[in-house]
Amino acid sequence: MNPFDAPDGEFLVVADDEERHSVWPGSAAVPEGWSVRFGPDSRAACLAYVAASWTDPRPRSRRR
């Protein structure tokens, strides 16, 4: 099973320096240049965090 699709998996919310967010499997290494913003928690909780905190999906450099 793809760890990104695990219904009962543990997930993180990671973001890069442009403040783009991604839901990431807790069992996978966080990619270089990305940092953990939330979790570990359920996929649903991570998606709720992203919806509440990433209100402007444009990269930070495009928002200026």
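Read on for a plain summary of the structure. Worth saying up front: this structure is predicted, and the values here are computed from it rather than measured.

Our focus in this paragraph is the overall build of the protein. The helix and strand inventory of the protein stands at two helices and three strands. Reading the protein from its N end, one meets helices and strands in the order β-β-β-α-α. Counting only C-alpha atoms, the protein reaches 40 × 25 × 15 Å along its principal axes. Put simply, the protein has 64 residues, and 22% of those count as buried. Partitioning the contacts of the protein with sequence separation of at least 6, the portion at a separation of at least 24 is 41%. Here the protein displays about 4,300 Å² of accessible surface, and carbon together with sulfur accounts for 51% of that area. In the protein, which carries 8 positive and 10 negative side-chain charges, the distance between the mean positions of the two groups comes to 11 Å.

Quick look at the pattern of salt bridges now. As enumerated under the stated definition, the model contains three salt bridges in all. Across the pair Asp-16 and Arg-20 runs a salt bridge, and its minimum N-O distance is 2.7 Å. Under the relative-accessibility criterion, Asp-16 is labelled buried at 7%. As a salt-bridge pair, Glu-19 and Arg-63 come within 3.1 Å of each other at their nearest N and O atoms. Of this pair, Glu-19 sits in the loop between β1 (11-16) and β2 (21-25) while Arg-63 sits in helix α2 (residues 60-63), and the two are 44 residues apart along the sequence. Using a relative accessible area of 27% as the deciding quantity, one classes Glu-19 as partly exposed.

Cut-offs used in this document
- Each residue is numbered by its place in its chain's sequence as written, counting from 1.
- Local features in a predicted model are, by the rule used here, given only for residues with pLDDT of at least 70; side-chain atom pairs are given and counted only at 80 or more, and totals for whole chains, interfaces and linings are based on all residues.
- Only hydrogens and water are set aside when side-chain values are computed; all heavy atoms of the structure are taken into account.
- Comment: elements are numbered from the N terminus, with helices defined as DSSP H or I runs of at least four residues and strands as E runs of at least two.
- Exposure categories follow from relative accessible area, calculated using a 1.4 Å probe and restricted to protein chains: below 20% of the type maximum is buried, above 50% is exposed, and the middle band is partly exposed.
- Contacts are assigned to residue pairs with any non-hydrogen atoms lying within 4.5 Å of each other.
- Computed with the Shrake-Rupley method and a 1.4 Å probe, the accessible areas treat only the protein chains shown as cover for residues.
- Only four residue types enter the charge count, namely Lys and Arg as positive and Asp and Glu as negative; His and the chain termini do not.
- Note that the charge is assigned to NZ on lysines, CZ on arginines, CG on aspartates and CD on glutamates.
- Salt bridges are defined by distance alone: a side-chain nitrogen of Lys or Arg within 4 Å of a carboxyl oxygen of Asp or Glu.

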